[in-house]
Amino acid sequence: MSAAQSKTERLYTVLKAPIVSEKSTMVADKNNQVAFRVLQDATKQEVKAAVELLFKVEVEKVSILNQKGKQKRFGRFDGKRNDVRKAYVSLKPGQEINFAQEVK
């Protein structure tokens, strides 16, 4: 396996899932941004390359945030939700991602 092939395979795994919530929908409409849940060690450059590869759009900017998992109780046991790394991807004007369409 060559280095280019392994890098391409990594890009296919960087994006875990789109974030679909009221906040992410509002941000998408207002700022032309899309929110994704990404791998914990993903970089901005990897996220940009992955979005451009998978969705065939042009990315202007990527902002990443780390959200700490909340402390929770499960009956008498203390627990913690998993940490989440999110990426807000700004698309260039005229670009959009439609998740409803069929992925080929």
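This report concerns the structure included in the present document. (Residues numbered from 1 in each chain as written. Predicted model: local features only at pLDDT ≥ 70, side-chain atom pairs only at ≥ 80, totals over all residues. Heavy atoms only, no water.)

**What about the side chain of Ser-24?**
As for its position among the elements, Ser-24 is in helix 2 (residues 22–31). For Ser-24, a relative accessible area of 8% corresponds to the buried category. Reaching out from Ser-24, the side chain makes a polar contact with the backbone nitrogen of Ser-21 at a distance of 2.9 Å. Residue contacts for Ser-24: discarding those within four places in its chain leaves Ile-19 and Ala-35. (Helix = DSSP H or I, 4+ residues; strand = E, 2+ residues; numbered from the N terminus. Buried < 20%, exposed > 50% of the residue type's maximum accessible area, 1.4 Å probe, protein only. Polar contact = N/O pair within 3.5 Å; in protein donor to acceptor, adjacent residues only side chain to side chain. Contact = heavy atoms within 4.5 Å.)

**Some points on the environment of Gly-79**
Tracing the backbone shows Gly-79 in strand 5 (residues 77–80). Using a relative accessible area of 15% as the deciding quantity, one classes Gly-79 as buried. Taking the C-alpha atoms as reference points, Gly-79 and Gly-69, separated by 10 residues in sequence, lie 9.8 Å from one another. Those residues within four positions of Gly-79 in sequence are excluded, and the remaining contacts are Lys-70, Gln-71, Lys-72 and Phe-74.

**Points about the pattern of salt bridges**
The tally for this structure, following the rule as stated, stands at five salt bridges. In this structure, Lys-92 engages Glu-58 in a salt bridge whose closest nitrogen and oxygen atoms are separated by 3.6 Å. Remark: Glu-58 occurs in the loop between helix 3 (44–55) and strand 3 (59–67) and Lys-92 occurs in the segment after strand 6 (84–91); sequence separation between them is 34 residues. The residue Lys-80 makes a salt bridge to Asp-83 at a minimum N-O spacing of 2.8 Å. We classify Asp-83 as partly exposed; its relative accessible area is 33%. (Salt bridge = Lys/Arg side-chain N within 4 Å of Asp/Glu carboxyl O.)

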